[in-house]
Amino acid sequence: MRYSLVGTPAQGVIVTRRQKFRCAMCCFAIVLILGYLAQLIVVPFYVPIYHSSQLDLDSPNTLNDINVLLINLIEKKPFMYAHFNDGELKAMMSNSGKTDRGWQNLSYELQQKLRNAVRLDVQEAYIGIPCYFEFREAHNQMREILGKPAFSRITSSTIWINRNYNPVRRILGKILTRLWSNSKHKIYFVCPENTNTDNFVKTTGILLEGILRIPSTNAFPEGYYRLKDQTFPDGSLVILTAGPLGRILASEWFERMPKVTFLEMGSFWDHETHGWTRAYNSRKPEDYYFKPCMIGDPMFFRINEKKFDQFIDQAQSRIFNNES
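Each chain carries its own residue numbering, running from 1 in the written order of its sequence. Owing to the predicted nature of the model, reporting of local features is limited to residues with pLDDT of at least 70; listing and counting of side-chain atom pairs is limited to 80 or more, with chain, interface and lining totals taken over all residues. Here the side-chain values reflect all heavy atoms present in the structure, with hydrogen atoms and water set aside.

J.: What's the story with the overall build of the protein in this structure? I'm lost.
T.: Secondary structure elements follow DSSP: runs of H or I of four or more residues count as helices, runs of E of two or more count as strands, with numbering from the N terminus. For the protein, the count of helices and strands is 12 helices and seven strands. Counting across all 324 residues of the protein, residues that qualify as buried make up 49%. Note on contacts: a residue pair qualifies if any of its non-hydrogen atoms lie within 4.5 Å across the two residues. Across the protein, every contact between residues at least 6 apart in sequence was considered, and the portion connecting residues at least 24 apart equals 71%. Total accessible area computed for the protein in this model is approximately 16500 Å², and 54% of it derives from carbon and sulfur atoms. Each residue gets one of three labels from its accessible area relative to the maximum for its type: buried under 20%, exposed over 50%, partly exposed in between, using a 1.4 Å probe on protein chains only. We get accessible surface area from the Shrake-Rupley algorithm with a probe of 1.4 Å; when it comes to residues, only the shown protein chains can shield them.

What follows is the structure, encoded as C-alpha cells:
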C-alpha cells in the first residue's frame with residue numbers, strides 16, 4: 001500500500017502530460033488544416049495569379065494555364081512556352097559569375113538576350129515566371145523586368161511540375177506519342193551534347209525527326225550562333241532542354257516562325273535524358289499539399305485526365321479519318 005500511495009500521484013502526472021501532449025498535437029493539426037484550407041480558398045482572390053479561373057475546359061474565357069497549353073498541343077495550334085524561373089532571373093540580374101548549377105558563365109550579352117526573350121510580345125507566346133508563394137522576391141523582380149503589356153500571357157513556371165507533374169507527364173506522353181509521332185507533324189529536340197536521346201526515345205515513346213545538340217557547358221554564346229538561324233517546317237514541334245540558351249532560342253525562333261510550336265519546360269525531361277531525379281518527379285502528389293507554391297495555385301485540380309483522354313481519342317479519330 002505504501003508504494004501504491006506514493007506511486008499514484010506520479011502516475012497521475014504521467015497521464016496528464018500525455019493528455020496535454022495529445023491535445024497539443026490535435027490543436028496543431030487542426031491549425032495546419034484550417035490554415036491550408038484558408039489559403040486554398042482565400043489566397044487566390046488576393047494575390048496575382050495569371051492563369052484561368054475556369055473549371056470548364058471548353059470555356060472561351062479560359063486564360064493561360066496548363067489546360068490551354070495541353071489543348072493547343074492536341075489541336076496542333078502553334079504556341080511557345082518558355083520556363084523562366086529563379087535561375088534565369090539570376091542571369092538577367094547579373095552579368096558575372098555562373099548560373100546556379102555552374103554550367104553557364106554569366107555575361108552582359110546573355111543578360112540582354114534573356115531580357116529580350118522574356119519580353120517577347122507575340123500572340124501565343126507564354127512565359128512561366130517564378131512562383132509568387134515560393135519565390136516572392138524573384139516573382140516581383142520578374143514582374144518589373146516584364147512590364148505590364150506582357151501580362152496577358154504570363155503563367156507560372158511550376159505548371160508542368162510539382163503536383164502537376166504526374167498527370168501532365170501521363171497526358172503529355174499520350175499527346176506526343178499518339179498525335180504527333182508517326183504523323184506529318186514532326187518533333188525536333190534541342191539538347192546538350194551529353195544528353196542520352198536514345199533513352200529519351202525509349203522511355204517516352206516519342207519519335208524524333210531531328211536532334212540539334214549544343215555544348216554541355218557554356219552553351220551560350222557558341223550554341224546560340226550555331227543555331228540561331230535554324231529553320232523548322234511549319235506545323236512541327238521543337239522541344240528544348242538547353243538551359244538559358246533554350247529560352248533565348250525558343251523566343252527568337254517563335255518570333256520568326258510563328259507556325260511552329262516551341263516547348264521549353266526547364267528540367268521536366270531530366271529524368272529521361274540524364275537519369276536525374278528532381279524532387280517533383282520522386283514524390284507523391286500528397287507530398288505537395290503544404291508546398292507554398294501549390295497552396296495558392298489550384299491549377300492542379302483543373303487537370304481532368306479522363307476528359308483529356310476523350311480529347312486525345314477524338315483527335316486521334318480525326319487524324320485516322322483524314323488519312324483514310
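J.: Before we go on, may I ask you to explain the pairing of strand β2 (residues 125-129) in this structure?
T.: Along any regular strand, the residues point their side chains to alternate faces of the sheet. Most of β2 is tucked away, with five of its five residues classed as buried. Both faces of β2 are covered, namely the face carrying Ala125, Ile127 and Ile129 and the face carrying Tyr126 and Gly128. Note: strand β1 (residues 80-83) against β2, four bridges, orientation parallel. In the strand pairing of β2, histidine 83 is matched with glycine 128. Two strands pair under a simple rule: DSSP has to find at least two bridges between them.

J.: What is the right way to read the sheet that holds β1 from this model?
T.: Adjacent strands of a sheet form backbone hydrogen bonds with each other and so pair up, either parallel or antiparallel. Spatial ordering of the open sheet is given by β3-β2-β1-β7-β6-β4-β5, a layout of seven strands whose pairing is parallel. Both edges of this open sheet fall to β3 (154-156) and β5 (210-214), since each of them pairs with a single strand only. Neighbour-to-neighbour, the strand axes of this sheet turn through a mean angle of 20°, independent of strand direction. Strand direction decides the pairing type here: strand β4 (residues 187-192) and strand β6 (residues 237-240), joined by four bridges, are parallel. Considered in β6, the bridge of tyrosine 188 is made with valine 238. Whenever a helix is involved, its axis is fitted only over the stretch in contact; in every case the axis is a line through C-alpha atoms, and angles between N-to-C directions fall within 0 to 180 degrees.

J.: So what exactly am I meant to see when it comes to helix α7 (residues 197-204) here?
T.: Because an α-helix packs 3.6 residues into every turn, residues spaced three or four apart end up facing the same way. Within the sequence span of α7, burial applies to Thr197, Phe200 and Thr204. Taken end-on, α7 shows its buried residues confined to a sector of 50°, consistent with a single buried face. Facing away from the buried side of α7 by over 90 degrees, the exposed positions are Asp198 and Lys202. Buried residues along α7 sit in contact with α6 (165-180), β4, β5 and α10 (270-274). Two or three places before aspartate 198, at the opening of α7, asparagine 196 has a side-chain oxygen 3.4 Å from that residue's backbone nitrogen. Immediately downstream of α7, the backbone of glycine 205 shows phi near 80°, a positive value. Read the arc as the range of directions from the helix axis to the C-beta atoms. Counted as a polar contact is a pair of N or O atoms within 3.5 Å, where, for protein atoms, one must be capable of donating a hydrogen and the other of accepting one, and residues adjacent in sequence contribute only when both atoms are in side chains.

J.: Before we go on, may I ask you to explain the state of the cysteines in this structure?
T.: Note: disulfide means a covalent bond formed between the sulfur atoms of two cysteine side chains. A pair of sulfur atoms, both from cysteines and within 2.5 Å, is called a disulfide here. Overall, the coordinates contain zero disulfides when judged by the stated rule. Here cysteine 27 stays unpaired: no disulfide links it, and the sulfur of cysteine 23, its closest cysteine neighbor, is 4.2 Å away. Assessed through its relative accessible area of 42%, cysteine 27 is described here as partly exposed.

J.: What is the right way to read the confidence of the model for the protein from this model?
T.: Close inspection of predicted coordinates is inappropriate for parts of the model with low pLDDT. Residue-level pLDDT values for the protein average 79, and 76% of them are 70 or greater. Element-level mean pLDDT values for the protein span from 48 in helix α11 (residues 292-295) up to 98 in β6. Low pLDDT (under 50) marks residues 40-64, which in the prediction has 58 contacts with non-local residues, meaning those over four places away or in another chain. Looking at any residue, its pLDDT shows the predictor's confidence there, from 0 to 100. Counted against residues more than four places away or in other chains, residues 294-301, with its pLDDT under 50, gives 31 contacts.

J.: Sorry, what's going on with the environment of asparagine 182 here?
T.: The topology assignment puts asparagine 182 in the loop between α6 and β4. On a C-alpha basis, the gap between asparagine 182 and glutamate 209 in space is 9.5 Å, while along the polypeptide they are 27 residues apart.

J.: Would you take a moment to explain the packing of helix α3 (residues 86-93) against helix α4 (residues 108-118) for this structure?
T.: To describe two helices that pack against each other, one gives the angle between their axes and the distance between the axes. Contact geometry for α3 and α4: axes closest at 7 Å, N-to-C directions at 125°. For the element pair α3 / α4, the angle class is oblique. The two elements α3 and α4 meet at a crossing, and its hand is left-handed. Across the interface between the two elements, Glu88, Ala91, Met92 and Met93 of α3 pack against Leu110, Gln111, Leu114, Arg115 and Val118 of α4. Each residue is assigned to one class: nonpolar for Ala, Val, Leu, Ile, Met, Phe, Trp, Tyr, Cys and Pro, charged for Asp, Glu, Lys and Arg, and polar for all the others, Gly among them. When its residues are assigned to classes, the contact of α3 with α4 shows six nonpolar, one polar and two charged. By definition in this entry, angles of less than 35 degrees are roughly parallel, angles greater than 145 are roughly antiparallel, angles of 65 to 115 are roughly perpendicular, and the rest are oblique. Each crossing gets its hand from how the near helix is turned against the far one by less than a right angle, where anticlockwise is left-handed and clockwise is right-handed.

J.: Would you take a moment to explain the environment of leucine 237 for this structure?
T.: With respect to the helices and strands, leucine 237 occurs in strand β6. Leucine 237 sits 49 residues away from tyrosine 188 along the chain, and the two C-alpha atoms are 6.2 Å apart. With sequence-adjacent residues up to four places away left out, leucine 237 is seen in contact with Leu73, Leu176, Trp180, Lys186, Ile187, Tyr188, Thr261 and Leu263.

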